[in-house]
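Report on the structure
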Amino acid sequence: MCRRRCREGWGMSRAKAQAGAASSGQAEDEFGRVERAGVEFLPVAERQSAPRNVFGVFVGGNLAFSTIIFGWLPVTFGLSFTQAMASSAVGLLLGLSLMVPMTLLGPRTGTNNPVSSGAHFGMRGRLVGSTLTLLFGIMYAAIAVWTSGEALVAGAHRLFGTPQGDLANLIGYAIVGFEVVLIALYGHGTIVGLQKFIIPAAVVLLLLGVFAYAPGFDPGRSSGEYLLGGFWPTWFFAVAVSMGGPLSYAPSVGDYTRRISPKRFSDRQIAVAASAGVFVGLFVAAAFGAFTASTFETFSPSYVADLVTKSPAWYVVPLLLVALLGGCGQGVINIYASGLDLESIIPRLSRTQTTLITSGIALGVMYLGVVAANAIDSITAMTVVLNAPAGAWVTINALGFLVARRGRYDVVALQRFGFGVTDGRYWFTGGWNFRAVVPFLLGSLVGLLTVSNELYAAPFASVVGGVDISLPLSITVSGVLYLLALRLWPEDKTVNLIPVADDANSAPVDESLPTH
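Residues numbered from 1 in each chain as written. Predicted model: local features only at pLDDT ≥ 70, side-chain atom pairs only at ≥ 80, totals over all residues. Heavy atoms only, no water.

With respect to the overall build of the protein chain
The cut-off we apply is this: Numbering goes from the N terminus for both helices and strands, where a helix is a DSSP run of H or I of at least four residues and a strand is a run of E of at least two. Burial here depends on accessible area, computed with a 1.4 Å probe over protein chains only, as a share of the maximum for the residue type. Under 20% is buried, over 50% is exposed, and the range in between is partly exposed. The contact criterion used throughout is that any non-hydrogen atoms of two residues lie within 4.5 Å. Every accessible area reported is derived by Shrake-Rupley at a probe size of 1.4 Å, with residue values counting cover from the shown protein chains alone.
In terms of helices and strands, the protein chain carries 20 helices and zero strands. Put simply, the protein chain has 516 residues, and 61% of those count as buried. The long-range share in the protein chain, meaning contacts at least 24 apart out of those at least 6 apart in sequence, stands at 83%. Carbon together with sulfur atoms contributes 68% to the accessible area of the protein chain, which is approximately 19,000 Å² in total.

Encoded structure:
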(Lines give C-alpha, C1' and ligand atoms only; values in the text may rest on other atoms or scores of the structure.)
Protein backbone atom coordinates (compact mmCIF):
# COMPACT_ATOMS: atom_id res chain seq x y z
CA MET A 1 0.00 0.00 0.00
CA CYS A 2 2.78 2.42 0.94
CA ARG A 3 4.67 1.64 -2.23
CA ARG A 4 1.59 2.31 -4.37
CA ARG A 5 0.85 5.63 -2.67
CA CYS A 6 4.49 6.73 -2.87
CA ARG A 7 4.53 6.21 -6.61
CA GLU A 8 1.28 8.07 -7.02
CA GLY A 9 2.93 11.04 -5.35
CA TRP A 10 5.74 11.16 -7.89
CA GLY A 11 3.49 12.09 -10.81
CA MET A 12 2.97 10.40 -14.17
CA SER A 13 6.22 11.56 -15.78
CA ARG A 14 8.31 10.10 -12.94
CA ALA A 15 6.38 6.82 -12.95
CA LYS A 16 6.96 6.47 -16.70
CA ALA A 17 10.65 7.24 -16.34
CA GLN A 18 11.05 4.60 -13.64
CA ALA A 19 9.11 2.02 -15.61
CA GLY A 20 11.30 2.69 -18.65
CA ALA A 21 14.45 2.35 -16.61
CA ALA A 22 13.29 -0.90 -15.07
CA SER A 23 12.35 -2.44 -18.41
CA SER A 24 15.66 -1.56 -20.02
CA GLY A 25 17.69 -2.76 -17.04
CA GLN A 26 21.39 -2.12 -17.08
CA ALA A 27 21.54 -1.98 -20.88
CA GLU A 28 20.88 1.74 -20.90
CA ASP A 29 23.98 2.42 -18.78
CA GLU A 30 26.44 1.50 -21.50
CA PHE A 31 28.74 3.52 -23.71
CA GLY A 32 26.82 5.00 -26.63
CA ARG A 33 23.36 4.40 -25.10
CA VAL A 34 21.22 7.31 -23.92
CA GLU A 35 20.63 7.02 -20.19
CA ARG A 36 16.94 7.40 -19.38
CA ALA A 37 17.22 7.15 -15.58
CA GLY A 38 17.07 10.40 -13.69
CA VAL A 39 17.00 10.95 -9.93
CA GLU A 40 14.53 8.14 -9.21
CA PHE A 41 15.67 5.27 -6.97
CA LEU A 42 18.15 2.89 -8.63
CA PRO A 43 17.77 -0.73 -7.40
CA VAL A 44 20.92 -2.46 -6.23
CA ALA A 45 20.56 -5.15 -8.92
CA GLU A 46 21.04 -2.47 -11.61
CA ARG A 47 24.15 -0.93 -10.04
CA GLN A 48 26.97 -2.33 -12.13
CA SER A 49 29.60 0.38 -11.71
CA ALA A 50 32.75 0.10 -9.57
CA PRO A 51 34.98 2.37 -7.47
CA ARG A 52 37.60 2.45 -10.24
CA ASN A 53 35.03 4.08 -12.52
CA VAL A 54 34.40 6.86 -10.00
CA PHE A 55 38.16 7.34 -9.62
CA GLY A 56 38.52 7.58 -13.41
CA VAL A 57 35.67 10.06 -13.84
CA PHE A 58 37.14 12.52 -11.35
CA VAL A 59 40.73 12.17 -12.53
CA GLY A 60 39.92 12.47 -16.23
CA GLY A 61 37.28 15.14 -15.68
CA ASN A 62 39.78 17.40 -13.94
CA LEU A 63 42.59 17.29 -16.48
CA ALA A 64 41.19 20.37 -18.17
CA PHE A 65 41.98 24.07 -18.56
CA SER A 66 38.94 24.90 -16.41
CA THR A 67 40.65 23.29 -13.40
CA ILE A 68 44.22 24.04 -14.49
CA ILE A 69 43.49 27.75 -14.08
CA PHE A 70 43.00 27.16 -10.35
CA GLY A 71 46.73 26.45 -10.18
CA TRP A 72 47.44 29.59 -12.22
CA LEU A 73 45.32 31.84 -9.98
CA PRO A 74 47.54 31.65 -6.83
CA VAL A 75 50.56 32.64 -8.93
CA THR A 76 48.65 35.67 -10.22
CA PHE A 77 47.88 36.46 -6.56
CA GLY A 78 51.63 36.94 -6.03
CA LEU A 79 52.61 33.49 -4.74
CA SER A 80 55.56 31.46 -6.01
CA PHE A 81 55.16 27.96 -7.46
CA THR A 82 56.01 26.22 -4.17
CA GLN A 83 53.72 28.51 -2.17
CA ALA A 84 50.91 27.98 -4.68
CA MET A 85 51.26 24.20 -4.54
CA ALA A 86 51.27 24.24 -0.75
CA SER A 87 48.04 26.24 -0.72
CA SER A 88 46.48 23.85 -3.25
CA ALA A 89 47.42 20.74 -1.26
CA VAL A 90 46.14 22.14 2.04
CA GLY A 91 42.91 23.40 0.47
CA LEU A 92 42.21 20.10 -1.27
CA LEU A 93 42.80 18.03 1.86
CA LEU A 94 40.56 20.28 3.95
CA GLY A 95 37.83 20.16 1.34
CA LEU A 96 38.10 16.38 1.03
CA SER A 97 37.73 15.94 4.78
CA LEU A 98 34.21 17.33 4.41
CA MET A 99 33.46 15.48 1.19
CA VAL A 100 34.16 11.91 2.38
CA PRO A 101 30.75 11.20 3.99
CA MET A 102 29.06 12.60 0.87
CA THR A 103 30.58 9.78 -1.20
CA LEU A 104 28.47 7.25 0.72
CA LEU A 105 25.06 8.90 0.40
CA GLY A 106 24.49 7.58 -3.13
CA PRO A 107 25.08 3.87 -2.36
CA ARG A 108 22.78 4.10 0.68
CA THR A 109 19.91 5.97 -0.99
CA GLY A 110 20.13 4.94 -4.66
CA THR A 111 19.74 8.54 -5.82
CA ASN A 112 21.84 11.68 -6.08
CA ASN A 113 23.02 13.71 -3.09
CA PRO A 114 20.64 16.69 -3.33
CA VAL A 115 17.63 14.35 -3.29
CA SER A 116 19.26 12.36 -0.44
CA SER A 117 19.63 15.61 1.50
CA GLY A 118 15.84 15.60 1.91
CA ALA A 119 16.41 13.20 4.81
CA HIS A 120 18.28 16.01 6.59
CA PHE A 121 16.70 19.21 5.27
CA GLY A 122 13.16 17.98 4.54
CA MET A 123 11.49 17.20 1.25
CA ARG A 124 11.21 20.86 0.34
CA GLY A 125 14.48 21.68 2.03
CA ARG A 126 16.24 19.33 -0.40
CA LEU A 127 15.77 22.10 -2.99
CA VAL A 128 18.55 23.99 -1.19
CA GLY A 129 21.02 21.31 -2.26
CA SER A 130 19.56 21.02 -5.75
CA THR A 131 19.86 24.78 -6.27
CA LEU A 132 23.39 24.91 -4.85
CA THR A 133 24.57 22.02 -7.00
CA LEU A 134 22.88 23.54 -10.02
CA LEU A 135 24.80 26.80 -9.47
CA PHE A 136 28.12 24.96 -9.12
CA GLY A 137 27.42 22.83 -12.18
CA ILE A 138 26.49 25.79 -14.35
CA MET A 139 29.45 27.88 -13.14
CA TYR A 140 32.10 25.22 -13.70
CA ALA A 141 30.57 24.11 -16.99
CA ALA A 142 30.72 27.73 -18.17
CA ILE A 143 34.39 27.93 -17.16
CA ALA A 144 35.11 24.67 -19.01
CA VAL A 145 33.51 25.90 -22.24
CA TRP A 146 35.20 29.31 -21.93
CA THR A 147 38.74 28.02 -21.36
CA SER A 148 38.59 25.26 -23.95
CA GLY A 149 36.89 27.46 -26.55
CA GLU A 150 39.44 30.21 -26.03
CA ALA A 151 42.29 27.72 -26.43
CA LEU A 152 40.85 26.57 -29.77
CA VAL A 153 40.63 30.15 -31.04
CA ALA A 154 44.12 31.14 -29.85
CA GLY A 155 45.64 27.93 -31.18
CA ALA A 156 43.97 28.25 -34.58
CA HIS A 157 45.16 31.86 -34.81
CA ARG A 158 48.76 30.87 -34.16
CA LEU A 159 48.72 27.87 -36.51
CA PHE A 160 46.65 29.21 -39.38
CA GLY A 161 46.35 32.97 -38.81
CA THR A 162 42.58 32.78 -38.35
CA PRO A 163 40.98 35.93 -36.88
CA GLN A 164 40.41 36.47 -33.17
CA GLY A 165 37.64 38.44 -31.55
CA ASP A 166 34.09 38.01 -30.30
CA LEU A 167 32.85 36.15 -33.38
CA ALA A 168 35.77 33.72 -33.35
CA ASN A 169 35.30 33.14 -29.64
CA LEU A 170 31.62 32.41 -30.11
CA ILE A 171 32.51 29.79 -32.74
CA GLY A 172 35.07 28.22 -30.40
CA TYR A 173 32.56 28.18 -27.54
CA ALA A 174 29.96 26.62 -29.82
CA ILE A 175 32.30 23.79 -30.84
CA VAL A 176 33.17 22.90 -27.25
CA GLY A 177 29.60 23.45 -26.06
CA PHE A 178 28.19 21.07 -28.68
CA GLU A 179 30.71 18.40 -27.65
CA VAL A 180 29.88 18.81 -23.95
CA VAL A 181 26.10 18.81 -24.35
CA LEU A 182 26.09 15.80 -26.68
CA ILE A 183 28.08 13.61 -24.29
CA ALA A 184 26.12 14.79 -21.23
CA LEU A 185 22.88 13.83 -22.97
CA TYR A 186 24.14 10.26 -23.41
CA GLY A 187 24.73 10.06 -19.67
CA HIS A 188 26.63 7.98 -17.13
CA GLY A 189 27.77 4.98 -19.21
CA THR A 190 29.24 7.15 -21.96
CA ILE A 191 30.89 9.53 -19.48
CA VAL A 192 32.59 6.64 -17.67
CA GLY A 193 33.63 4.94 -20.93
CA LEU A 194 35.28 8.09 -22.30
CA GLN A 195 37.64 8.33 -19.32
CA LYS A 196 39.47 5.21 -20.52
CA PHE A 197 40.63 7.33 -23.45
CA ILE A 198 40.79 10.77 -21.87
CA ILE A 199 43.02 9.94 -18.90
CA PRO A 200 46.02 8.41 -20.74
CA ALA A 201 45.78 10.93 -23.58
CA ALA A 202 45.56 13.94 -21.23
CA VAL A 203 48.41 12.67 -19.03
CA VAL A 204 50.72 12.27 -22.04
CA LEU A 205 49.78 15.71 -23.38
CA LEU A 206 50.38 17.41 -20.03
CA LEU A 207 53.74 15.64 -19.59
CA LEU A 208 54.74 16.98 -22.99
CA GLY A 209 53.76 20.40 -21.69
CA VAL A 210 56.20 20.07 -18.79
CA PHE A 211 59.04 19.63 -21.31
CA ALA A 212 57.66 22.44 -23.47
CA TYR A 213 57.67 25.09 -20.72
CA ALA A 214 60.54 23.78 -18.56
CA PRO A 215 63.21 26.16 -19.92
CA GLY A 216 61.48 29.19 -18.44
CA PHE A 217 60.44 27.60 -15.13
CA ASP A 218 61.47 29.32 -11.90
CA PRO A 219 59.92 27.77 -8.73
CA GLY A 220 60.82 30.81 -6.64
CA ARG A 221 59.53 33.47 -9.03
CA SER A 222 57.02 35.78 -7.40
CA SER A 223 55.78 39.25 -8.23
CA GLY A 224 55.92 40.15 -4.54
CA GLU A 225 52.70 42.11 -5.01
CA TYR A 226 50.26 40.08 -2.98
CA LEU A 227 46.60 40.24 -3.91
CA LEU A 228 45.42 41.04 -0.36
CA GLY A 229 48.41 43.14 0.64
CA GLY A 230 50.36 40.53 2.59
CA PHE A 231 51.60 36.96 2.23
CA TRP A 232 49.41 35.19 4.82
CA PRO A 233 46.08 36.79 3.88
CA THR A 234 46.82 36.00 0.24
CA TRP A 235 47.97 32.44 0.98
CA PHE A 236 44.88 31.66 3.07
CA PHE A 237 42.72 33.13 0.32
CA ALA A 238 44.40 30.72 -2.14
CA VAL A 239 43.63 27.87 0.29
CA ALA A 240 39.97 28.92 0.34
CA VAL A 241 39.87 28.94 -3.47
CA SER A 242 41.41 25.45 -3.54
CA MET A 243 38.85 24.12 -1.05
CA GLY A 244 36.15 25.06 -3.52
CA GLY A 245 37.15 22.15 -5.77
CA PRO A 246 36.19 19.26 -3.45
CA LEU A 247 33.24 21.23 -2.08
CA SER A 248 31.87 21.71 -5.60
CA TYR A 249 31.99 17.92 -6.14
CA ALA A 250 30.51 16.97 -2.75
CA PRO A 251 26.90 17.54 -3.91
CA SER A 252 27.38 15.74 -7.26
CA VAL A 253 29.66 12.81 -6.32
CA GLY A 254 26.51 10.78 -5.65
CA ASP A 255 25.70 10.92 -9.38
CA TYR A 256 28.38 8.23 -9.77
CA THR A 257 28.59 6.46 -6.39
CA ARG A 258 24.85 5.68 -6.47
CA ARG A 259 25.62 3.25 -9.29
CA ILE A 260 27.95 1.17 -7.08
CA SER A 261 26.46 -1.81 -5.25
CA PRO A 262 27.06 -1.76 -1.46
CA LYS A 263 26.87 -5.58 -1.65
CA ARG A 264 29.98 -5.78 -3.84
CA PHE A 265 32.08 -2.92 -2.46
CA SER A 266 32.72 -1.58 1.03
CA ASP A 267 32.26 1.97 2.23
CA ARG A 268 36.04 2.35 2.45
CA GLN A 269 36.57 1.29 -1.17
CA ILE A 270 33.95 3.75 -2.42
CA ALA A 271 35.11 6.67 -0.27
CA VAL A 272 38.81 6.15 -1.04
CA ALA A 273 38.23 5.85 -4.80
CA ALA A 274 36.07 8.98 -5.01
CA SER A 275 38.30 11.06 -2.73
CA ALA A 276 41.51 9.93 -4.42
CA GLY A 277 40.06 10.68 -7.85
CA VAL A 278 39.12 14.22 -6.84
CA PHE A 279 42.49 14.87 -5.15
CA VAL A 280 44.67 13.42 -7.92
CA GLY A 281 42.74 15.13 -10.70
CA LEU A 282 42.63 18.55 -9.05
CA PHE A 283 46.20 18.48 -7.72
CA VAL A 284 47.73 17.42 -11.05
CA ALA A 285 45.73 20.11 -12.83
CA ALA A 286 46.76 22.75 -10.26
CA ALA A 287 50.40 21.67 -10.53
CA PHE A 288 50.38 22.13 -14.30
CA GLY A 289 48.70 25.53 -13.98
CA ALA A 290 51.15 26.79 -11.34
CA PHE A 291 54.12 25.31 -13.23
CA THR A 292 53.27 27.01 -16.51
CA ALA A 293 52.28 30.28 -14.81
CA SER A 294 55.71 30.34 -13.14
CA THR A 295 57.27 30.53 -16.61
CA PHE A 296 55.40 33.75 -17.51
CA GLU A 297 57.16 37.08 -17.01
CA THR A 298 53.86 38.97 -17.07
CA PHE A 299 50.20 38.01 -16.96
CA SER A 300 47.34 38.97 -19.23
CA PRO A 301 43.69 38.54 -18.20
CA SER A 302 43.68 35.18 -20.04
CA TYR A 303 45.79 32.24 -18.88
CA VAL A 304 44.90 30.25 -21.98
CA ALA A 305 45.99 33.05 -24.34
CA ASP A 306 49.31 33.36 -22.48
CA LEU A 307 49.77 29.60 -22.62
CA VAL A 308 49.28 29.44 -26.38
CA THR A 309 51.32 32.57 -27.11
CA LYS A 310 54.32 31.42 -25.09
CA SER A 311 54.20 27.80 -26.18
CA PRO A 312 56.86 26.29 -28.45
CA ALA A 313 55.44 25.81 -31.94
CA TRP A 314 55.51 22.02 -31.64
CA TYR A 315 53.24 22.09 -28.57
CA VAL A 316 50.38 24.16 -30.04
CA VAL A 317 48.61 21.11 -31.52
CA PRO A 318 48.83 19.18 -28.21
CA LEU A 319 47.32 22.24 -26.51
CA LEU A 320 44.37 22.10 -28.88
CA LEU A 321 43.89 18.44 -28.01
CA VAL A 322 43.98 19.26 -24.29
CA ALA A 323 41.29 21.87 -24.93
CA LEU A 324 39.02 19.35 -26.66
CA LEU A 325 39.62 16.55 -24.16
CA GLY A 326 39.36 18.85 -21.16
CA GLY A 327 36.12 20.44 -22.29
CA CYS A 328 34.79 16.94 -22.83
CA GLY A 329 35.75 15.82 -19.32
CA GLN A 330 35.11 18.75 -16.99
CA GLY A 331 32.23 20.34 -18.87
CA VAL A 332 30.34 17.06 -19.20
CA ILE A 333 30.60 16.23 -15.48
CA ASN A 334 29.04 19.55 -14.56
CA ILE A 335 26.35 19.65 -17.25
CA TYR A 336 25.32 16.09 -16.38
CA ALA A 337 25.09 17.01 -12.68
CA SER A 338 23.16 20.21 -13.36
CA GLY A 339 20.66 18.31 -15.51
CA LEU A 340 19.95 15.85 -12.70
CA ASP A 341 19.57 18.66 -10.20
CA LEU A 342 17.14 20.63 -12.32
CA GLU A 343 15.13 17.43 -12.79
CA SER A 344 14.84 17.09 -9.00
CA ILE A 345 13.52 20.67 -8.90
CA ILE A 346 11.11 20.17 -11.84
CA PRO A 347 10.22 16.42 -11.65
CA ARG A 348 7.85 16.56 -14.63
CA LEU A 349 10.78 17.09 -16.99
CA SER A 350 13.08 14.28 -18.10
CA ARG A 351 16.85 14.27 -17.57
CA THR A 352 17.52 14.99 -21.23
CA GLN A 353 15.16 17.98 -21.18
CA THR A 354 16.71 19.48 -18.05
CA THR A 355 20.21 18.87 -19.42
CA LEU A 356 19.39 20.92 -22.50
CA ILE A 357 17.99 23.73 -20.32
CA THR A 358 21.01 23.90 -18.02
CA SER A 359 23.34 23.79 -21.02
CA GLY A 360 21.76 26.95 -22.39
CA ILE A 361 21.99 28.65 -18.99
CA ALA A 362 25.67 27.69 -18.65
CA LEU A 363 26.50 29.22 -22.02
CA GLY A 364 24.71 32.43 -21.02
CA VAL A 365 26.60 32.60 -17.74
CA MET A 366 29.88 32.04 -19.58
CA TYR A 367 29.14 34.96 -21.92
CA LEU A 368 28.34 37.30 -19.02
CA GLY A 369 31.41 36.21 -17.05
CA VAL A 370 33.85 36.55 -19.93
CA VAL A 371 32.48 39.27 -22.21
CA ALA A 372 30.56 41.49 -19.81
CA ALA A 373 32.95 41.19 -16.85
CA ASN A 374 36.59 40.50 -16.08
CA ALA A 375 37.06 36.72 -16.31
CA ILE A 376 39.64 36.41 -13.51
CA ASP A 377 37.58 38.41 -11.03
CA SER A 378 34.44 36.51 -12.01
CA ILE A 379 36.04 33.12 -11.37
CA THR A 380 37.60 33.93 -8.01
CA ALA A 381 34.57 35.82 -6.73
CA MET A 382 32.06 33.12 -7.70
CA THR A 383 34.23 30.37 -6.24
CA VAL A 384 34.84 32.01 -2.88
CA VAL A 385 31.32 33.41 -2.46
CA LEU A 386 29.75 30.00 -3.17
CA ASN A 387 32.17 28.30 -0.77
CA ALA A 388 30.36 29.66 2.29
CA PRO A 389 26.90 28.16 1.59
CA ALA A 390 28.51 25.04 0.09
CA GLY A 391 30.60 24.49 3.20
CA ALA A 392 27.55 24.89 5.46
CA TRP A 393 25.42 22.54 3.33
CA VAL A 394 28.08 19.84 3.06
CA THR A 395 28.83 20.03 6.81
CA ILE A 396 25.20 19.53 7.78
CA ASN A 397 24.75 16.63 5.35
CA ALA A 398 27.95 14.97 6.56
CA LEU A 399 26.86 15.28 10.20
CA GLY A 400 23.37 14.19 9.22
CA PHE A 401 24.79 11.05 7.64
CA LEU A 402 27.09 10.25 10.59
CA VAL A 403 25.01 11.44 13.58
CA ALA A 404 21.32 11.94 12.76
CA ARG A 405 20.77 9.11 10.25
CA ARG A 406 23.76 6.88 10.99
CA GLY A 407 23.86 5.84 7.36
CA ARG A 408 20.26 4.56 7.31
CA TYR A 409 17.69 6.01 4.89
CA ASP A 410 14.11 5.29 3.86
CA VAL A 411 14.61 5.04 0.09
CA VAL A 412 10.87 5.17 -0.65
CA ALA A 413 10.24 8.24 1.50
CA LEU A 414 13.11 10.08 -0.23
CA GLN A 415 11.20 9.84 -3.51
CA ARG A 416 8.04 11.39 -2.10
CA PHE A 417 8.26 14.73 -3.85
CA GLY A 418 6.19 16.29 -6.54
CA PHE A 419 2.98 18.25 -6.91
CA GLY A 420 0.45 17.51 -4.16
CA VAL A 421 2.75 15.43 -1.90
CA THR A 422 2.61 16.86 1.63
CA ASP A 423 3.51 14.00 3.97
CA GLY A 424 6.04 11.27 4.62
CA ARG A 425 8.85 10.35 6.98
CA TYR A 426 11.00 13.27 5.83
CA TRP A 427 8.26 15.88 5.56
CA PHE A 428 9.07 17.41 8.99
CA THR A 429 7.38 20.86 9.25
CA GLY A 430 5.80 21.96 6.00
CA GLY A 431 8.51 20.09 4.09
CA TRP A 432 11.39 21.77 5.97
CA ASN A 433 13.57 20.39 8.76
CA PHE A 434 14.40 23.59 10.61
CA ARG A 435 17.01 21.76 12.70
CA ALA A 436 19.13 21.78 9.54
CA VAL A 437 17.74 24.74 7.58
CA VAL A 438 18.30 27.38 10.27
CA PRO A 439 21.96 26.36 10.98
CA PHE A 440 22.56 26.33 7.22
CA LEU A 441 21.19 29.84 6.79
CA LEU A 442 23.08 31.24 9.78
CA GLY A 443 26.34 29.52 8.81
CA SER A 444 26.04 30.75 5.23
CA LEU A 445 25.23 34.28 6.37
CA VAL A 446 28.19 34.47 8.75
CA GLY A 447 30.45 33.18 6.01
CA LEU A 448 29.18 35.63 3.40
CA LEU A 449 29.65 38.52 5.82
CA THR A 450 33.39 37.74 6.12
CA VAL A 451 34.30 36.97 2.48
CA SER A 452 37.42 38.85 1.40
CA ASN A 453 38.36 39.34 -2.25
CA GLU A 454 38.86 42.15 -4.73
CA LEU A 455 35.46 41.88 -6.40
CA TYR A 456 33.28 41.45 -3.32
CA ALA A 457 34.14 43.21 -0.05
CA ALA A 458 31.94 41.86 2.74
CA PRO A 459 31.08 44.09 5.73
CA PHE A 460 33.42 42.17 8.08
CA ALA A 461 36.07 41.14 5.53
CA SER A 462 38.88 42.72 7.53
CA VAL A 463 37.89 41.27 10.90
CA VAL A 464 41.06 39.11 11.00
CA GLY A 465 43.50 41.40 9.27
CA GLY A 466 42.24 40.69 5.76
CA VAL A 467 42.49 36.88 6.07
CA ASP A 468 39.47 35.20 4.45
CA ILE A 469 37.83 33.15 7.22
CA SER A 470 34.45 32.84 5.51
CA LEU A 471 34.66 29.11 4.80
CA PRO A 472 35.96 27.83 8.17
CA LEU A 473 33.52 30.16 9.91
CA SER A 474 30.51 28.93 7.91
CA ILE A 475 31.53 25.31 8.50
CA THR A 476 31.99 25.81 12.25
CA VAL A 477 28.83 27.83 12.83
CA SER A 478 26.56 25.56 10.81
CA GLY A 479 28.04 22.36 12.27
CA VAL A 480 27.86 23.49 15.91
CA LEU A 481 24.33 24.87 15.55
CA TYR A 482 23.10 21.70 13.80
CA LEU A 483 24.49 19.41 16.51
CA LEU A 484 23.02 21.73 19.15
CA ALA A 485 19.62 21.65 17.42
CA LEU A 486 19.69 17.83 17.36
CA ARG A 487 20.46 17.84 21.09
CA LEU A 488 17.85 20.41 22.13
CA TRP A 489 15.17 19.34 19.63
CA PRO A 490 15.70 15.58 19.11
CA GLU A 491 14.34 13.91 16.02
CA ASP A 492 12.07 10.87 16.24
CA LYS A 493 14.16 7.87 17.31
CA THR A 494 12.29 5.56 14.93
CA VAL A 495 14.24 7.05 12.03
CA ASN A 496 17.22 4.90 13.02
CA LEU A 497 15.14 1.72 12.94
CA ILE A 498 15.15 1.73 9.14
CA PRO A 499 17.08 -1.31 7.84
CA VAL A 500 19.94 -0.81 5.41
CA ALA A 501 18.07 -1.86 2.28
CA ASP A 502 19.06 -3.58 -0.93
CA ASP A 503 16.18 -1.86 -2.69
CA ALA A 504 12.74 -0.49 -2.01
CA ASN A 505 11.10 -3.91 -2.45
CA SER A 506 13.17 -5.48 0.33
CA ALA A 507 12.67 -2.53 2.67
CA PRO A 508 8.96 -1.69 2.85
CA VAL A 509 8.22 1.36 4.94
CA ASP A 510 6.05 0.87 8.00
CA GLU A 511 3.49 3.64 7.68
CA SER A 512 2.59 3.27 11.34
CA LEU A 513 5.89 4.96 12.16
CA PRO A 514 5.26 8.62 12.94
CA THR A 515 6.74 11.40 10.89
CA HIS A 516 8.68 14.20 12.59
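Description of the side chain of Thr295
We apply this condition: Polar contact is the term for a pair of N or O atoms within 3.5 Å; when the atoms are in protein, one must be able to donate a hydrogen and the other to accept it, and sequence-neighboring residues count only if both atoms are side-chain atoms.
Counting through the fold element by element, Thr295 comes out in the loop between α14 (267-293) and α15 (303-309). Taking relative accessible area as the criterion, Thr295 reaches 14% and is therefore assigned buried. Within the structure, Thr295 has its side chain in polar contact with the backbone oxygen of Thr292 (distance 2.5 Å). If sequence neighbours within four positions are ignored, Thr295 has contacts with Tyr213, Gly216, Phe217 and Arg221.

Side note on the packing of helix α4 (residues 65-76) against helix α9 (residues 126-160)
What counts here: Lines fitted to C-alpha atoms define the axes, with helix axes restricted to the stretch in contact, and inter-axis angles between N-to-C directions lie between 0 and 180 degrees. Small angles under 35 degrees read as roughly parallel and large ones over 145 as roughly antiparallel, with 65 to 115 read as roughly perpendicular and the rest as oblique. When residues are grouped by polarity, Ala, Val, Leu, Ile, Met, Phe, Trp, Tyr, Cys and Pro land in nonpolar, Asp, Glu, Lys and Arg in charged, and all others, Gly among them, in polar.
Between α4 and α9, whose axes approach to 8 Å, the crossing angle comes to 90 degrees. When the interaxial angle is binned, α4 and α9 end up roughly perpendicular. Here Phe65, Ser66, Ile69 and Phe70 of α4 come into contact with α9, specifically with Tyr140, Ile143, Ala144, Trp146, Thr147 and Ala151. Grouping the amino acids of the contact of α4 with α9 by side-chain chemistry returns eight nonpolar, two polar and no charged.

A look at a nonpolar patch on the surface
Worth spelling out the cut-off: Think of a patch as exposed residues, more than 30% relative accessible area, with no salt bridge, where like charges cluster within 9 Å and nonpolar side chains (Val, Leu, Ile, Met, Phe, Trp, Tyr) cluster within 5 Å. A pairing counts as a salt bridge when a side-chain nitrogen of Lys or Arg comes within 4 Å of a carboxyl oxygen of Asp or Glu.
A contiguous nonpolar patch, built from Leu159, Phe160, Leu167, Ile171, Ile175, Val317, Leu321 and Leu324 and spanning about 760 Å² of accessible area, is present on the exposed surface. Residue assignment for the nonpolar patch shows that the elements contributing at least two residues are α9, α10 (166-186) and α16 (316-345). One can find Leu324 in helix α16.

Considering helix α3 (residues 51-60)
Summarising burial for α3: eight of the 10 residues are buried, a large majority. Pro51, Asn53, Val54, Gly56, Val57, Phe58, Val59 and Gly60 are the residues of α3 that are buried. Where α3 is buried, its residues touch α11 (188-213), α12 (231-249), α13 (254-257), α14 and α16.

Side note on unusual backbone geometry
At Arg406, a position not held by glycine, the phi torsion is positive, near 50 degrees. With respect to the helices and strands, the residue Arg406 is situated in the loop between α18 (375-404) and α19 (434-448). Given the relative accessible area of 58%, Arg406 is considered exposed. With a phi angle near 55 degrees, Phe428 is a residue other than glycine that sits in the positive phi range.

Looking at the pattern of salt bridges
Working definition: two side chains of opposite charge can pair if their charged atoms are close together. Applying the stated criterion to the full structure yields seven salt bridges. Among the ionic pairs, Asp423 bridges to Arg416, the shortest N-O distance being 2.2 Å. One continuous salt-bridge network, built from bridges that share partners, spans Glu35, Arg258 and Arg259.

Let's talk about the confidence of the model for the protein chain
Put simply, the rule reads: Per-residue confidence from the predictor is reported as pLDDT, a score between 0 and 100.
Confidence in the prediction of the protein chain, expressed as mean pLDDT, is 84, and 86% of residues score 70 or more. In this model, residues 1-27 is a region of pLDDT below 50 whose contacts with residues beyond four sequence positions or in other chains number 43 contacts. Residue range residues 500-516 is modelled with pLDDT below 50. Its contacts to residues more than four positions away, or to other chains, number 36 contacts.

A short note on the packing of aromatic side chains
To keep it simple, the criterion reads: Here a pair means two rings of Phe, Tyr or Trp (six-membered ring of Trp) with centres within 6.5 Å. Their orientation is stacked below 30 degrees between planes, edge-to-face above 60, and tilted elsewhere. Definition used: whenever NZ (Lys) or CZ (Arg) falls within 6 Å of the ring centre and also within 35 degrees of the ring normal, the charge is taken to sit over that ring.
For the structure shown, the criterion picks out 22 aromatic pairs. Ring centres of Phe58 and Tyr256 lie 5.6 Å apart, and the angle between their planes is 80 degrees; this geometry places the pair in the edge-to-face category. Of this pair, Phe58 sits in helix α3 while Tyr256 sits in helix α13, and the two are 198 residues apart along the sequence. Since its relative accessible area comes to 0%, Phe58 is described here as buried. Centre to centre, the rings of Trp235 and Phe236 are 5.3 Å apart; their planes meet at 80 degrees, and the pair counts as edge-to-face. Judged by relative accessible area, which is 12%, Trp235 ranks as buried. Judged by relative accessible area, which is 35%, Phe236 ranks as partly exposed. Taken together, the aromatic side chains of Tyr226, Phe231, Trp232, Trp235 and Phe236 make up a single cluster linked through ring pairs. A cation over an aromatic ring shows up here: Arg126 above the ring of Phe417, its NZ or CZ 4.0 Å from the ring centre. Lying over the aromatic face of Trp489, Arg435 brings its terminal NZ or CZ to 4.2 Å of the ring centre.

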